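Reading the structure
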Amino acid sequence: MPRFVPLLPRSLLSRVMLLYVAALLLLITVGLGAFLTYEVRSTLDDAEVGSQALSSMLAPAVADAAVIGDYDTIKRTLDRTIAHPLFERAAFIDLKGARIEVVRQDHPSPTPPRWLVNRVAAELDVINTPIVVGGRDYGITRLHVWSERVAADIWQVVRMGLVLALLGLGAGAALVWWPLRRWLGQLARIQALGAQLQQGDARIQPVASGEAPLEFQKTFEVLNQVAASLQAERAQAAVTLASIAEGVAAVNLAGDVVLANPVLGSLLGQPSQALLGQPAAALLPELAEALQAPGDEGWRGRRFERGEQVLEASLTRVRGDQGEAAGVVLVLRDVTEQQTLENQLRAELSARAHAMHTMSELLGSAGAPADARQVNAVEALSRQVGDLVVRLRQQADQLRAIFNLSPDGFISFDAERRVQYVSPACALLTALGDRHVLGQDEAGLEALLQGRIEHADSQRPLRLQELRDQPRTVQMARPMPRILSFALHDGGGSQTSQMLHIRDVSQQFELDRLKSEFLTTAAHELRTPMTSIYGFSELLLHRKMSPETQADLLQRIHRQSRAMVDILNELLDLARIESRRALDFEFAPVCLRDLVRQTVDDFGTPEGRAAAELQLCDTPQWVRVDASKLGQALRNLLSNAYKYSPGGGRVMVRVQALDNGHADIEIEDEGIGMTPEELARVTERFYRADKSGAIPGTGLGMAIVKEIVELMGGSLQLASEPQRGTRVSVRLPTMPAP
């Protein structure tokens, strides 16, 4: 126990309050825990009973609609069901595997923490109700209790309980603190006595010991005797100091005033009693350094101004019996009348000199007022001119900061059209520093810039005056390849005749190039089916053909139209994914093994081909992804595996767990494969490894797969050999099981 004593508060009041608050906190914690446990259990039981009752009421309505196959009525019934705040999701699954499911889109308020939602979801079971009519099984209804709503109700109760507990704790502490402070307040009398002794009060009030505890009465009596003795000694010193005509102060080694006569108080504008205990350096800032500087001897005759007074100070150091420093004695005398005239004359001369000096610097002329009566006007003019200089400097600093931060370059010319200023960005854009450009005329600057233009010999010479009518964009070779735009503007003043504006437009040109390339490729891909549609339809309009030929041409038109629709849909899908950047993805924990199995089972295997072979890992791997988007990517990869293996062969789908916290989904075929050059471009838009056109496709599938996987934090890896097949691996980061 003794080793914990230093951790306790030093105050008795604080220790008692700490013990009381700890006991009160323990009782409140136990009571609050019991209440919250009961409330949580009651809420969960109510939710479970209510969900069972509503599920029983829902079953007849779904059964009536299921008998006649009215799925729209089932859908509306499920919509009305999740309108109840108890359910989050409702579904009907018939015997054939068809599924009608509705999901709530809103969220409760307040939003509960995720750990509480997961805990509530683990406590609540899914309500499954078989639909049986006349002894025949039509399917099953499945209701998911809205665990987030139940958690929100519990969270509201928890927050209210915590608030009430904190209020109770604070109120209890406040009710106990006041009487304890009053009962233990007798100890504050010693502090009051110490403050009186420290401040040097003339009348020291003795400590009353009548109401004090017995343990404190003896101590109070001794303190009263010491205080009375010290008060008598101070009274004798005060009489002696009051008879001196100069201000006298005794300062201890700490720099605090321990004695001061009334004359010193009148000089400093404070009662002498108020000076006791104050730092001498704070009372006389003008002498702060001199008071703190060590030295064997004192000093005399130091004058300083204090408001309207002029004081002369002398300092004498006090030594003890052994020669050690014991403090200093400071003497002040008022010499204001002796220097009044001198100060007035000095002030007038200083104001006149300052005004003339300022006017001489700003206006370029010097002079003196006709007589002394103009001094006030000169001072006012000096202040105005000084303010103007400050404002001009501030504006110059602001402009300098703007130019330093601007990514564009600026070069200004003086009245003779020579370079007078170069912004820092110019050196980055053109590799021309101040020492190369400052002082150059237009011809010199044109030559410097021309030497940095790519293929300058074959380019039209750069002329600054031509840039007034229209800016010019040039390809620069130094300091690095980039595209710059040059424009010349009027300076708007006599000191700045013109300003050259340099802007880096490389990114804008690159964006325009990529846009043009994309539009060209998209137009080419759309033109191929459109040409077929236009040609076959023109044949049908102008020639009479047999029904068999007409049917064949219509089938070709239908296939080409379908190809155009696929291209447009995939273009819109890709644009939506890139623009939203996963903002519309609904991320949730998903079991990777179950998702892959469901995707393969739902995939429509081409006629005459065997279903994909599954190799799943034994341990379920969980990932946080958008299940529908990942399913879309896997369906694209399965479609490619079958399309690009027209000769048949197996299609393998594997799920493997890696040691680095990731899992791989591998889709492997035994198809035509790709060369290394084709493999490097397979994720480009509209790129297709099959150049013959015999295999249908838009060339956008792998680009969409790559965007989806990367937005989910994964990566795409491909391996292929010509005529031996292709293996695509989707690597995703795993997470702990929820």
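We now turn to the structure provided with this report. Bear in mind that the values here come from a model prediction, so they are computed numbers and not experimental data.

1. A closer look at the sheet that holds strand E14 (residues 498-504)
Ordered by their spatial adjacency, 5 strands build an open sheet running E11-E10-E14-E13-E12, and the pairing between neighbours is antiparallel. Of all strands in the sheet, those bounded by a partner on one side alone are strand E11 (419-422) and strand E12 (472-476). Taking each pair of neighbouring strands and ignoring which way they run, the sheet shows an average axis angle of 25°. Direction of pairing for strand E13 (residues 482-490) relative to E14: antiparallel, over a ladder of 7 bridges. Directly across from Ser 485, in E14, lies its bridge partner Arg 503.

2. Brief notes about the sheet that holds strand E5 (residues 247-251)
Pairing is antiparallel across the open sheet formed by 5 strands, whose spatial order is E6-E5-E9-E8-E7. Looking at which strands have only one partner, the edges of the open sheet turn out to be strand E6 (257-260) and strand E7 (299-306). Shown here is a sheet whose adjacent strand axes are inclined to one another by a mean of 25°, direction ignored.

3. Observations regarding the environment of Leu 143
Here Leu 143 shows up in strand E4 (residues 136-145). Accessibility expressed as a relative area gives 0% for Leu 143, which makes it buried. Between the C-alpha atom of Leu 143 and that of Asn 128, which follows or precedes it by 15 residues, the distance is 6.5 Å. Setting aside residues no more than four positions away along its own chain, Leu 143 makes contact with Ser 55, Leu 58, Thr 81, Phe 87, Arg 89, Ala 90, Val 126 and Ile 127.

4. A look at the layout of surface pockets
Here the largest pocket is characterised by a volume of approximately 2000 Å³. Along its surface, the largest pocket is lined by 41 residues, and Glu 88, Arg 89, Phe 587, Ala 588 and Pro 589 are the ones closest to its centre. Looking at the lining of the largest pocket element by element, the count peaks at 5 residues for helix H18 (residues 592-602). Considering only residue class, the lining of the largest pocket consists of 18 nonpolar, 9 polar and 14 charged.

5. As for empty space enclosed by the protein
Counted by the stated rule, this structure contains 1 cavity of 30 Å³ or more. Here the largest cavity defines a volume of roughly 40 Å³. If you go around the largest cavity, the residues you meet are Ala 249, Val 257, Leu 264, Leu 268, Ala 280, Leu 283, Leu 284 and Leu 330. Elements represented by at least two residues in the lining of the largest cavity include exactly helix H7 (262-268) and helix H9 (280-283).

6. Here we look at the pattern of salt bridges
Counted under the stated rule, the structure contains 21 salt bridges. The partner of Asp 45 in a salt bridge is Arg 41, and the shortest N-O contact between them spans 3.4 Å. Of this pair, Asp 45 and Arg 41 both sit in helix H1 (residues 12-68), separated by 4 residues, roughly a single helical turn. The partly exposed category is assigned to Arg 41, whose relative accessible area is 38%. A salt bridge links Glu 101 to Arg 99; its shortest N-O distance comes to 2.9 Å. You can call Glu 101 partly exposed: its relative accessible area is 29%. A single network of salt bridges, built from pairs that share partners, joins Arg 41, Asp 45, Arg 119 and Glu 123.

7. Brief notes about a nonpolar patch on the surface
A contiguous nonpolar patch, built from Met 160, Val 163, Leu 164 and Leu 167 and spanning about 400 Å² of accessible area, is present on the exposed surface. Relative to the helices and strands, Val 163 resides in helix H4 (residues 147-183). Assessed through its relative accessible area of 43%, Val 163 is described here as partly exposed.

What counts and what doesn't
Residues numbered from 1 in each chain as written. Predicted model: local features only at pLDDT ≥ 70, side-chain atom pairs only at ≥ 80, totals over all residues. Heavy atoms only, no water. Pairing = 2+ DSSP bridges. Helix = DSSP H or I, 4+ residues; strand = E, 2+ residues; numbered from the N terminus. Axes fitted to C-alpha atoms, helices over the stretch in contact; angles between N-to-C directions. Buried < 20%, exposed > 50% of the residue type's maximum accessible area, 1.4 Å probe, protein only. Contact = heavy atoms within 4.5 Å. 1 Å grid on protein atoms, 1.4 Å probe; cavity = no way out; pocket = protein on both sides within 12 Å on 5 of 7 lines; lining within 4 Å. Points joined across faces, edges and corners; volume = space filled by probe spheres on them. Nonpolar A, V, L, I, M, F, W, Y, C, P; charged D, E, K, R; others polar. Salt bridge = Lys/Arg side-chain N within 4 Å of Asp/Glu carboxyl O. Patch = residues over 30% accessible without salt bridge, like charges linked within 9 Å, V, L, I, M, F, W, Y side chains within 5 Å. Areas by Shrake-Rupley, 256 points an atom, 1.4 Å probe, with all protein chains shown as cover.

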